[in-house]
Amino acid sequence: MKTRSAIVLLGPPASGKGTQAQRIAASLGGLHISTGYLLRQAVLMGTPLGKQVQKYVDAGDLVPDGLVLSLVRETLAGIEDRVPAILDGFPRTLSQAEALDAFLPPNKVILIELDEGEVIRRITGRRIGPHGEPYHVLYNPPPPGVTATRRSDDREEVVRERLAVYQRQTEPLLDYYAQRKVLHRVSGLGSIGDVFRRIISSIGSDSAAREIE
Ligand code: AMP
């Protein structure tokens with residue numbers, strides 16, 4: 001029996017992980033799994049998980065590893081093994097990465113690089129559609145008729161906290177995956193299409209396609 005393949009997207013807030021994960025999932029026939037979206041939905045729906053995690057999400061802090069891991073495992077359990085997982089926003093700590101390695105070691109890890117100034121500039125224009133679709137008022141506006149809102153954790157003070165958390169907790173994953181020879185670094189500057197083309201040329205679309213056969 002074939003095991004599932006997985007691609008992980010890493011990068012600071014507003015680096016375009018969600019947008020690129022969606023594109024990669026569409027081009028590979030994979031499933032885009034955004035832990036941030038799943039957690040925000042749980043908060044919105046007022047589920048027991050949502051009640052537990054709301055204070056972390058609102059403050060821009062990380063939700064405890066155990067809760068996020070169960071969420072990812074449950075989501076993966078609901079899809080067939082042949083469907084590649086495109087993980088966006090997970091893992092975010094070394095212990096999440098180690099836990100993931102135990103059941104689904106990623107074949108590729110893509111780091112979308114963006115400096116702090118650009119992160120803050122982008123986040124002011126960022127909006128989110130009713131199904132979690134990422135938009136930007138200038139670079140990727142929502143189509144007519146789609147109501148897109150601002151994420152409550154996209155306020156500047158919360159964004160600064162999320163950036164600090166990223167540097168402290170998530171950046172150590174870069175060495176972790178570089179040592180495993182699966183890390184691909186890509187600049188997040190330019191248009192959505194530019195970044196997508198960089199990703200595809202870095203991971204090699206042919207080999208990515210072969211891996212999922
Ligand atoms: P994101 O949409 O990826 O920016 O995530 C939004 C928020 O959800 C984060 O600021 C965290 O509070 C929480 N979150 C998302 N993914 C994780 C994760 N892998 N581990 C812990 N918390 C997470």
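Structural data are supplied above this passage.
Below is a summary of the structure that appears in this document. Keep in mind the model is a prediction, meaning the values are calculated, not measured. (Residues numbered from 1 in each chain as written. Predicted model: local features only at pLDDT ≥ 70, side-chain atom pairs only at ≥ 80, totals over all residues. Heavy atoms only, no water.)

Things to note about a nonpolar patch on the surface
In step 1: Where nonpolar side chains cluster on the molecular surface, the patch consists of V137, L138 and Y139 and spans about 350 Å² of accessible area.
In step 2: Looking at the secondary structure, you find Y139 in the loop between β6 (134–136) and α7 (156–170). (Patch = residues over 30% accessible without salt bridge, like charges linked within 9 Å, V, L, I, M, F, W, Y side chains within 5 Å. Areas by Shrake-Rupley, 256 points an atom, 1.4 Å probe, with all protein chains shown as cover. Salt bridge = Lys/Arg side-chain N within 4 Å of Asp/Glu carboxyl O. Helix = DSSP H or I, 4+ residues; strand = E, 2+ residues; numbered from the N terminus.)

Quick word on the side chain of T19
In step 1: In this structure, T19 sits in helix α1 (residues 17–28).
In step 2: Beyond its immediate stretch of four places on either side in the chain, T19 contacts P134 and I192. (Contact = heavy atoms within 4.5 Å.)

Here's the deal with the pattern of salt bridges
In step 1: Within the structure shown, the criterion is met by 14 salt bridges.
In step 2: With its nearest N and O atoms 3.0 Å apart, the salt bridge here joins D154 to R126. Pair noted here: D154 is in the loop between β6 and α7 and R126 is in strand β5 (residues 126–128), with a separation of 28 residues, a long-range link.
In step 3: Take D154: its relative accessible area is 0%, and that puts it in the buried class.
In step 4: Notably, a salt bridge pairs R162 with D153, separated by 3.9 Å at the nearest N-O pair. Here R162 matches D153 in class, with each residue buried.
In step 5: Look at the salt bridges and you will find they share partners, linking R126, R151, D153, D154 and R162 into a network. (Buried < 20%, exposed > 50% of the residue type's maximum accessible area, 1.4 Å probe, protein only.)

Notes on the packing of helix α2 (residues 35–45) against helix α4 (residues 65–77)
In step 1: Close contact between α2 and α4 brings their axes to 11 Å; oriented N to C, the two are set at 100 degrees. Comparing their axes, α4 and α2 come out roughly perpendicular. Residue-level inspection shows T35, L38 and L39 of α2 in contact with α4, the latter providing V68, L71, V72 and T75.
In step 2: A class-by-class count of the residues in the contact of α2 with α4 yields five nonpolar, two polar and no charged. (Axes fitted to C-alpha atoms, helices over the stretch in contact; angles between N-to-C directions. Parallel < 35°, antiparallel > 145°, perpendicular 65-115°, else oblique. Nonpolar A, V, L, I, M, F, W, Y, C, P; charged D, E, K, R; others polar.)

Overview of unusual backbone geometry
In step 1: The omega torsion across F90 and P91 is 0 degrees, close enough to zero to call that bond cis.
In step 2: Even without being glycine, K181 reaches a positive phi, approximately 60 degrees.
In step 3: Mapping K181 onto the fold places it in the loop between α8 (172–179) and β7 (183–187).
In step 4: Taking the relative accessible area as the measure of exposure, K181 reaches 74% and is therefore exposed.

Re the packing of aromatic side chains
In step 1: If you walk through the whole model with that rule in mind, you get one aromatic pair.
In step 2: Residues Y176 and Y177 carry aromatic rings whose centres are separated by 5.1 Å and whose planes lie at 85 degrees to one another, so their mutual orientation is edge-to-face. Accessibility assignment for this pair places Y176 and Y177 in one class, buried.
In step 3: When the ring centre of F196 is taken as origin, the NZ or CZ atom of R23, which lies over that ring, is 5.5 Å away.
In step 4: Positioned above the aromatic ring of Y176 is the side chain of R180, whose terminal nitrogen or guanidinium carbon lies 3.6 Å from the ring centre. (Phe/Tyr/Trp six-rings, centres within 6.5 Å; stacked < 30°, edge-to-face > 60°. Lys NZ or Arg CZ within 6 Å of the ring centre and 35° of its normal.)

Quick look at helix α9 (residues 192–203)
In step 1: Between its first and last C-alpha atoms α9 spans 17 Å; for twelve residues at 1.5 Å apiece the expected length is 16 Å, and the two agree.
In step 2: All of the buried residues along α9 are G193, V195, F196, I199 and I203. Buried residues of α9 fall within an arc of 160 degrees about the axis and therefore sit on the same side. Turned more than 90 degrees away from the buried face of α9 sit R197 and S201, all of them exposed.
In step 3: Of the residues trailing α9, G204 is marked for its positive phi of about 75 degrees. (Expected span 1.5 Å × (residues − 1). Arc of directions from axis to C-beta.)

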